[in-house]
Amino acid sequence: MRVIEDLRATARSGRAGDRMPSVRELMARHRASPATVQQAIQRVAAEGLVEVRPGRGSFVAARAGRASGQDLSWQSVALGEGRPGEELVANLLAVPKPEVIQLSSGYLDPDLQPTEALGAALTRAARRPASWGRVPVEGSEELRAWFAREAGGELRAGDMTVCAGAQEALATVFRGLGERGGTVLVESPTYLGAIAAARDAGLKVVPVPADEDGVRPELLQAAFTHTGAKLFYCQPLHANPHGGVLSDDRRPEVLRIVAAAGAFLVEDDWARGFTLDGTAPPTMASQDTDGHVVYVRSLTKVAAPGLRVAAIGARGPAGRRLRTTRSRQDLYVAGPLQEAAIDFVTSPVWRRHLRTLQQALRSRRDALRTALATHLPEFTVAPSSGGLHLWVTLPDGLDDVELTTAAAARDVVVFPGRPWFAAEPSGNFLRLTYGGAPEHALVEGVRRLSDITR
């Protein structure tokens, strides 16, 4: 990574105690996000090249310390090239400072999380001695049955495998059903965590353009014909980042194309519970008759980051393959966490939480839309009937990475559009999150963005 190499070169050429470049200087020099720069500083600090002094900055470390066993720079040679996409996912998950306005977040604002109910459920689960015993690799039957009912269609408890969050579930799917060197088709743009997980599994990621009505079937057909792919990753409901919903007329056509290709459709149902306008369509899994849909659902986004509970649903040999793959990565999700999850989602609190959450998110989404229309009318906001984000097209001449860097200097965290494309982006975009901050912060963040672009 360029930032790391720059820091190493500066530290090695400097004298002990010399001040290192500031975070803002490095951001401007490399057009990098604050999270990327902070991670680079932490990396060279771990190598013993840099000393971080809280509140004062970073300085060249004393060479004597490195000579006495603190020189870890050899590890860079031993480790070799980094994993594909690891930097992007780390940036997405970076925890900003408290004073920063979050217009980019993968999780709910703490004020929207049902922490009291989750704490009570976990307390009850921890008091049950059986929850601390061995758990089946595929997860507790009661929890698997709940996920199966939510998915609908032909899926049953025996078809489900519980995982520690959606990211692990996606990694399991790509490793279990993909073949190293093979191809996975994805919507474009799409969730960058899925892109990273697929590449980490050794798959070639081929984008298929999507719009507000979901993936374009004629281009999906062409992609299958051209690549011979056997996997298609899709977010039919409030796709992250652009918010599109696969339309009623496209759904059967997409299923037909996947079936004709003898392929699997990986349905990432991440936004179930986040529909703010109208009624959410049924899952693709509920309309699948012959086992082509592999269903992924997580409780983390809709509840709290600490509830790392998700499930994969697949019938037949695919389900058995995924259970085996999952067991090779991690034996099972902790029993008390599974018990707490099923306690929570089967109680009246769950439905009340969803109603309250949807009302709050609707208000925040509308506040962010209004702020953009007022302060940044030149930005084009894609339609959004749910989810956590707004997808914004920037006007000509405004670069998404440069704007992200400038926003960070004003203590506003936004995420550029570029990483959400598996290939070349079709323009300059921002993904702005309304679920991670209160309304007044959203408005202030947009006002600061407006100041930057003037």
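Residues numbered from 1 in each chain as written. Predicted model: local features only at pLDDT ≥ 70, side-chain atom pairs only at ≥ 80, totals over all residues. Heavy atoms only, no water.

J.: What exactly am I supposed to notice about the packing of helix α8 (residues 141–151) against helix α14 (residues 335–345) here?
T.: Geometrically, a packed helix pair is captured by the angle between its two axes and the distance between the axes. Orientation of α8 relative to α14, taken along the N-to-C sense of each, is 45°, at an axis distance of 9 Å. Between α8 and α14, the interaxial angle falls into the category oblique. The hand of the α8/α14 crossing is left-handed. Within the contact between the two elements, α8 uses E142, L143 and W146 and α14 uses Q338, A341, I342 and V345. (Axes fitted to C-alpha atoms, helices over the stretch in contact; angles between N-to-C directions. Helix = DSSP H or I, 4+ residues; strand = E, 2+ residues; numbered from the N terminus. Parallel < 35°, antiparallel > 145°, perpendicular 65-115°, else oblique. Left-handed = near helix turned anticlockwise from the far one by under 90°. Contact = heavy atoms within 4.5 Å.)

J.: In this structure, what is going on with the sheet that holds strand β6 (residues 204–211)? I would like to understand it.
T.: As a general point, the strands of a sheet are linked pairwise by backbone hydrogen bonds and lie either parallel or antiparallel. Taken together, the 8 strands give an open sheet; going across it, the order is β4-β11-β10-β9-β8-β5-β6-β7, and neighbouring strands pair in mixed fashion. Strands at the two margins of the open sheet, each flanked by one partner only, are β4 (160–163) and β7 (214–215). Pairing of strand β10 (residues 293–298) with strand β11 (residues 310–313), which is carried by 4 bridges, proceeds in the antiparallel orientation. By the bridge assignment, S298 is partnered in β11 with A310. (Pairing = 2+ DSSP bridges.)

J.: I keep staring at the environment of L430 and nothing clicks. Help me out?
T.: Note that L430 resides in strand β16 (residues 429–433). Judged by its relative accessible area of 0%, L430 is buried. On a C-alpha basis, the gap between L430 and D159 in space is 38 Å, while along the polypeptide they are 271 residues apart. (Buried < 20%, exposed > 50% of the residue type's maximum accessible area, 1.4 Å probe, protein only.)

J.: Got a minute to help me understand the side chain of D109 in this structure?
T.: Mapped onto the elements, D109 comes out in the loop between β3 (101–102) and α7 (115–126). Within the local environment of D109, its side chain forms a polar contact with the side chain of R364, the two groups lying 2.9 Å apart. When residues no more than four places from it in sequence are discounted, the contact partners of D109 are R364, G435, G436, A437 and P438. (Polar contact = N/O pair within 3.5 Å; in protein donor to acceptor, adjacent residues only side chain to side chain.)

J.: Help me understand the sheet that holds β16 in this model?
T.: Judged by pairing direction, the sheet is antiparallel, and its 4 strands sit side by side in the order β12-β13-β16-β15 without closing on themselves. Two strands bound the open sheet, and with one partner strand each, they are β12 (380–381) and β15 (415–416). Pairing analysis gives 2 bridges linking β15 to β16, with the strands arranged antiparallel. In the sheet register, F415 faces β16, and the bridge partner there is R431. Lying on the sheet, helix α15 (residues 348–375) is in contact with β12, β13 (389–393) and β16; it crosses β13 at an angle near 20°.

J.: Even after reading the chapter, I still don't get helix α17 (residues 439–453), so can you show me in this structure?
T.: Between its terminal C-alpha atoms α17 stretches 21 Å, which fits the 21 Å expected from 15 residues at 1.5 Å a residue. Regarding α17, the residues found buried are A441, L442, G445, V446, R448, L449 and S450. On its buried face, α17 is in contact with β3, α15, α16 (400–409), β14 (412–413) and β16. (Expected span 1.5 Å × (residues − 1).)

J.: In this structure, what is going on with the pattern of salt bridges? I would like to understand it.
T.: Where side chains of opposite charge bring their charged atoms close, a pairing between them can arise. With the rule as written, the count across this model stands at 24 salt bridges. The salt bridge involving R297 is made with E150; its shortest N-O contact spans 3.1 Å. Taken as a pair, R297 in strand β10 and E150 in helix α8 lie far apart in primary sequence, 147 residues in all. Two residues, R448 and E444, come together in a salt bridge whose shortest N-O distance is 2.9 Å. Note that R448 and E444 are positioned in helix α17 at a spacing of 4 residues, about one turn of the helix. Where salt bridges share partners, they join R410, E444, R447, R448 and D451 into one cluster. (Salt bridge = Lys/Arg side-chain N within 4 Å of Asp/Glu carboxyl O.)

J.: Please explain helix α1 (residues 2–13) as it appears in this structure.
T.: Side chains three or four residues apart in an α-helix point the same way, a direct result of the helix having 3.6 residues per turn. A rise of 1.5 Å per residue sets the reference length of α1, with its 12 residues, at 16 Å; its end C-alpha atoms lie 17 Å apart and thus fit the reference within 8%. Every buried residue of α1 is listed here: V3, I4, D6, L7, R8 and A11.

J.: Got a minute to help me understand the environment of E168 in this structure?
T.: Positionally, E168 belongs in helix α9 (residues 166–177). A relative accessible area of 17% places E168 in the buried class. Distance from E168 to I312, taken between C-alpha atoms, is 10.0 Å for residues 144 residues apart in sequence. Other than its neighbours up to four places away in sequence, E168 contacts C163, R326, Q329 and D330.

J.: What is the right way to read the pairing of strand β9 (residues 264–268) from this model?
T.: Walk down a regular strand and you will see the side chains alternate between the two sheet faces. Most of β9 is tucked away, with 4 of its 5 residues classed as buried. Both strand β8 (residues 231–234) and β9 contribute to a ladder of 4 bridges, which runs parallel. Looking at the pairing, C234 lines up with E267 of β9. For the crossover from β8 across helix α12 (residues 251–260) to β9, the handedness is right-handed. (Right-handed = clockwise from strand over helix to strand, strands pointing away.)

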